[in-house]
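Chain and residue survey
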Amino acid sequence: MSAHYKSLARRTNPETVALFPLNGTVLLPGCDLPLNIFEPRYLNMIDDALKGERLIGMVQSEEGRLKQIGGLGRISQFSETEDGRYLVVLKGLKRFCLGEELKTTSPYRQAHIDFTGFEADADTHNAKQTSEALSESGRSDRAALTVAMKSLAKAINVQVDWDTLKEIPLPLLVNQAAMISPFQAEDKQSLLEAATVDDRRRLLIGLMHLYASQITDDGDQPTQ
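The present account deals with the structure reproduced in this document. Note that this is a predicted model, so its numbers are computed, not measured. (Residues numbered from 1 in each chain as written. Predicted model: local features only at pLDDT ≥ 70, side-chain atom pairs only at ≥ 80, totals over all residues. Heavy atoms only, no water.)

1. Some remarks on the state of the cysteines
- For the structure on display, the rule yields zero disulfides.
- Of all cysteine sulfurs, the one in Cys 31 lies closest to Cys 97, which takes part in no disulfide; the gap is 20 Å. (Disulfide = S-S within 2.5 Å.)

2. With respect to the side chain of Gln 189
- The residue Gln 189 is located in helix α6 (residues 185-193) in this model.
- Judged by its relative accessible area of 5%, Gln 189 falls in the buried class.
- A polar contact is formed between the side chain of Gln 189 and the backbone oxygen of Ile 69, at a distance of 3.1 Å.
- When neighbours within four sequence positions are excluded, Gln 189 is seen to be in contact with Val 26, Gln 60, Lys 67 and Ile 69. (Helix = DSSP H or I, 4+ residues; strand = E, 2+ residues; numbered from the N terminus. Buried < 20%, exposed > 50% of the residue type's maximum accessible area, 1.4 Å probe, protein only. Polar contact = N/O pair within 3.5 Å; in protein donor to acceptor, adjacent residues only side chain to side chain. Contact = heavy atoms within 4.5 Å.)

3. Remarks on the nonpolar core
- One finds Ile 37, Ile 56, Leu 90, Leu 204 and Met 208 to be the most contacted residues of the largest nonpolar core, which totals 42 residues.
- Setting aside residues no more than four positions away along its own chain, Ile 37 makes contact with Phe 20, Tyr 42, Leu 43, Ile 46, Arg 85, Tyr 86 and Val 88.
- Judged by nonpolar contacts, the second largest core, of 16 residues, contains Val 17, Leu 93, Phe 96 and Ile 113. (Core = buried A, V, L, I, M, F, W, Y, C linked by side-chain atoms within 4.5 Å.)

4. A few points about unusual backbone geometry
- The backbone phi angle of Arg 54 is positive, close to 65°, even though this residue is not glycine.
- Relative to the helices and strands, Arg 54 resides in the loop between α2 (40-51) and β3 (55-59).
- Assessed through its relative accessible area of 28%, Arg 54 is described here as partly exposed.
- Positive phi values are uncommon outside glycine, yet Glu 63 reaches one of about 55°.
- Mapped onto the fold, Glu 63 is located in the loop between β4 (61-62) and β5 (65-66).
- By relative accessible area, which is 80% here, Glu 63 ends up exposed.

5. Some words on α2
- Its 12 residues place the ends of α2 17 Å apart at the C-alpha level, agreeing with the 16 Å of an ideal helix rising 1.5 Å per residue.
- All of the buried residues along α2 are Tyr 42, Leu 43, Met 45, Ile 46 and Ala 49. What you see down the axis of α2 is that its buried residues fit within an arc of 155°, all on one side. Those residues of α2 that are exposed and angled more than 90 degrees off the buried face are Pro 40 and Lys 51.
- Contacts made by the buried residues of α2 are with β1 (16-21), β2 (32-37), β3, β6 (69-80) and β7 (86-101). (Expected span 1.5 Å × (residues − 1). Arc of directions from axis to C-beta.)

6. So, the pairing of β7
- When β2 meets β7, the two strands line up antiparallel, connected through six bridges. When the bridges of β7 are listed, Asp 32 appears paired with Lys 91.
- When β6 meets β7, the two strands line up antiparallel, connected through 11 bridges. Looking at β7, one finds that Gly 70 is bridged to Phe 96.
- Taking the residues between adjacent antiparallel strands as the criterion, β6 and β7 are bridged by five residues, where Gly 84 takes a positive phi near 90°. (Pairing = 2+ DSSP bridges.)

Here is the structure:
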């Protein structure tokens, strides 16, 4: 499946995409994003996407202004509830630069997008696992991330199956952790915009230690 999505990410280059602005949420390559869709305009967006290539552009917004970097996702799972909601899972393909918004009669926003500079994102889908164990010993990149993850998990009192994480290739682990960590919107955007997975890993480690320290000192999570 990873090779399939790597190929798909490389050859999928739409000039325009429907936009789903959702503050506090980013979509990174190789990761799944579950969505509960209930607003009529976004139900319409999903309907239209399912008729085509099943593509959605996830972007953050601040006071109605869209961030310039977003994540292109493809609907990989879809179901409809009895009360009319759509339960959707987006698979992150690659990032994009936001261009000019389209003048359209659709109830949802659409825009031109460009993938220049994000060509390497496709490689994340086919990232390989190493034989290195997930532990706090050693000086490896993975070990440093594990220390930070355990620090944050302890601070927010979250139980994690660390053995399961051993099976996740490091680039995918970095991206998934960046998506689900309880960071403020601007910090998640910084993680999204990091030039490389290695840059993202270093930033993620720093943010995890910072948030863990703040939570420990204040006895609560930082204000979102």
